[in-house]
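Topology and contacts: notes
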Amino acid sequence: MRTITKMHDHALSLLDFYRIRDDVAGYCLSEEGAAAVRAGLPSADPDEVVDAKARASAVRELLRDSRDVPGGSFMPVDAASRIIGKQGSCLAVEELWALGMWAAAYAGLVRWLSGVRHEGLRAELTAAPDLSAVAAAAFRVVGQDGEIRDLPELRDIRSKIRAINLDIERVTASFFQDESTRQMLQNDVPTQRDGRTVLAVKAGSRSRLKGIVHEVSSTGQTVYIEPETLVQRNNELVEEEARYLRELQRVLRETTAKLYNYSGAVAAARVACAAFDGLYGKARYSHLNDGVFAEERGSGLDLVKARHPILGSKAVPIDLRMPEDARTLIITGPNTGGKTVSLKTAGLLALMNQFGLAVPAGYGTALQVFDGVWADIGDEQSMDQSLSTFSGHMRSISAIVAGATSRSLVLLDELGSGTDPEEGCAIAMALLDLFIGRGALAIVTTHHGILKNFGYTKEGVLNASVDFDKDTLSPTYRILMGVPGESRALDIAGKNGVSTEVVEGARRYLRDERTDVSALIRGLSDKHRELDSMRDEERRRLRDAKEERRKADLKELKLRQRESELRTQGVAELKALLLDSRKTLENLVRELREGELTREKTQAVKEFILDLERKVEEADEKARSNERELKAGSRPPAEIGEGCQVLILPSRRRGKALRAVKGGKWLVETDALRLTVDEADLEPTFELERKAPSISIEASSSRSNRAVIELDLRGYRLSEAIAALERQLDAATMEGLSGFSIIHGTGEGVLQQGVRETLARYPGVADFHYARPEDGGHGKTIVSFA
């Protein structure tokens, strides 16, 4: 990783980078991750910066999506990792427990990060060392609570130790229960000396209790005696405990020998953990501090509502924009107005961006990747090195001049101050010329008026100022781009207690030379505020328009989904209807073929056809209702008035709305017909030039005159049948049916002949023929439209 080397610790310290880095390290889970963060520096490689931010952004998304954080406890394992790397060594119980806890926590972190949406990081997680065997070996001996497990190798010894302790408790209890011996004791609780159970005996009774004296109290009033009856039991206990420790040591040596084979994996895992946990710390810092990842810029910077992270809630957001063709920004304005904070904010956010962190700013913030960030901020006076303020500044600036390149960011506070104003301005302008020549991006603050003119006369140089409330004589901490600022020294002096006489005297000295310039600056400031207000209004309108567009797109998507659902539902219902109807029809045909044609069978066929027609009409009405609902939702509301040109949906046939009728319908005139149409089926359109006169034939698309898929004319007189057929043909044409059938019977053939003659002369009929024998034969005609 190519880090920024063209800066020194002084600049990083001035810009508070180390404080931010320590804060990020505090969000890491392990010592390895925190150490990696504290050792890190901002990268100067644009590709590395982009990848680092992409990784941190992906982990940040995990933090947003999940309610929990990686579990486990990363214990210090420096000593344990060294021990398992040496053959013949042995881990202590605490070291083995720490290693097991660390391995389990490492596995938890890798598992939690495995859901990240970043291919490169996911590949590294997949290739990360597996320490499940290390955790298993450690937790076989010691539990996660740090206690040694009930191992088979130790179980027998533990049982013996418990039995001996019980014997000792019974013997000591007998002393407390015996009235004669209890009077000799200082208390009724046994105590321990050098791992052996003893009794606290009054000094005057020491000769009455035989045993070994272990200790005498400092006052001489108490003697600690091991009774003869306990000596053997204490000896046995010491022996068993020593045996237990030897066996435990053997188990620890064997376990350490097994872990020796995983010492390389543990070392590699610690390296991987440092990277993964360091990334987690950066992502968590970015998440909890509500930052944004800056966009990439080839040159310049664009800070939107940027805040200095050290100031927290006290920070006032600033906007600081430098287009790609500008290389120098000169900020002027009063003291305490926020010039220095603006410098530090720009520098620190640049360093945070190149460290892979989200910056505390608004969306739209964009930053160039710099190869060095140089700063001369604050008072550089040093008593130890005999440096004045000006000398201290010049020493820092000389280092900047020696190291700054075309890809560097240079931050200079109070440029040209600390010496004679005329000479200071000359040095300042020479320095700016040098940085402009090199192409470095420079942001400087100053009080010198000549430098304000410099910003207007040099190409690639911008002026800016910190805003100042002239009514309250207090800073607003806003940056006004393009407008130089007044120092307001006299106003501030008067506010801070300087006498009116002194302030007015100073004003008289400056009035003749400064009046025109000050008026110009005030006018520019007012105009800039007006432009800012207009720009904010444009942004609000653009934001509102984008929101309306988003809502419209979402509504359209929902309508498409609903349309797809209704279409799928309709197809399923139609298939079910056809399947059920086909089975019923097949049964009826089978009965007709197998038996005699009776009145009951004929009636059953008629009822089947009528029922099928009813179901089809219901399905058709439901489909039309859903279609009207979709149309109403997909089209913006539009008023239809008398004489309005409309399209009749779904055929999009052009017509003219004549008048509204009952039930939310309109009487519509087309080229050849007058129809009654639902308002939901009408769409307003523009008027076309009429090419031919129309013949008005008033019809109705009401439910009673809807086209049917099978028209039964039996029992009609010829004239009635022909009229009904013509209505059916008109309705079928308007509704877009591809065809239908006519039941006319055979009889004497008069009705049959009239039907065929009517069909032959109707312009929309493409073909008509008798049905198949099993479907009615010569008593039924099938009609097809063009």
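Refer to the structure above for everything that follows.
In this report, we go over the structure that sits alongside the text. (Residues numbered from 1 in each chain as written. Predicted model: local features only at pLDDT ≥ 70, side-chain atom pairs only at ≥ 80, totals over all residues. Heavy atoms only, no water.)

Observations concerning helix H9 (residues 152-177)
- Here H9 is 26 residues long and its end C-alpha atoms lie 38 Å apart, about the 38 Å a rise of 1.5 Å per residue gives.
- When we look at burial in H9, the residues that qualify are Leu154, Ile157, Arg158, Ile161, Ile164, Ile168, Val171, Thr172, Phe175 and Phe176.
- Along its buried surface, H9 packs onto helix H10 (179-182), strand E2 (196-202), strand E4 (222-227) and helix H11 (228-260). (Helix = DSSP H or I, 4+ residues; strand = E, 2+ residues; numbered from the N terminus. Expected span 1.5 Å × (residues − 1). Buried < 20%, exposed > 50% of the residue type's maximum accessible area, 1.4 Å probe, protein only. Contact = heavy atoms within 4.5 Å.)

Quick notes on the packing of H9 against H11
- In the contact formed by H9 and H11, the axes pass within 9 Å of each other and the chain directions differ by 160°. What the angle tells us is that H9 and H11 run roughly antiparallel. At the point where H9 passes H11, the crossing takes the left-handed sense.
- Looking at the contact of H9 with H11, its residues break down into 12 nonpolar, four polar and 12 charged. (Axes fitted to C-alpha atoms, helices over the stretch in contact; angles between N-to-C directions. Parallel < 35°, antiparallel > 145°, perpendicular 65-115°, else oblique. Left-handed = near helix turned anticlockwise from the far one by under 90°. Nonpolar A, V, L, I, M, F, W, Y, C, P; charged D, E, K, R; others polar.)

Quick look at the sheet that holds strand E3 (residues 211-216)
- Taken in spatial order, the four strands line up as E1-E2-E4-E3 in an open sheet, and their pairing is antiparallel. Where the open sheet ends on each side, the last strands, each with one partner, are strand E1 (191-193) and E3. Pairs of neighbouring strands in the sheet enclose a mean axial angle of 50°, with direction left out of account.
- Bridge count for E1 against E2 is three bridges, and the pairing is antiparallel. Within E2, the position partnered with Thr191 by the bridge is Val198. (Pairing = 2+ DSSP bridges.)

Describing the nonpolar core
- If you look at the biggest cluster of nonpolar residues, it comprises 67 residues, and the most contacted ones within it are Leu99, Tyr106 and Phe276.
- Looking at which element gives the most residues to this core, the answer is helix H6 (residues 93-113), with 13 residues.
- Ignoring anything within four residues of it in the chain, the contact list for Phe276 reads Leu109, Val110, Leu113, Leu121, Glu124, Leu125 and Ala128.
- Counting 46 residues, the second largest nonpolar core, distinct from the first, contains Val37, Met322, Leu343 and Leu348. (Core = buried A, V, L, I, M, F, W, Y, C linked by side-chain atoms within 4.5 Å.)

Let's talk about the pairing of strand E11 (residues 408-412)
- Of all the five residues making up E11, five are buried; the element is thus mostly covered by neighbouring parts of the structure.
- Burial along E11 is two-sided: the residues Ser408, Val410 and Leu412 and Leu409 and Leu411 are all buried.
- Note that strand E10 (residues 372-376) and E11 share five bridges and pair parallel. Bridged to Trp374 within E11 is Val410.
- With four bridges joining them, E11 and strand E12 (residues 441-445) adopt parallel strand pairing. Paired with Leu412 across the bridge in E12 is Val444.

The values are spatial; any link to function lies outside them.
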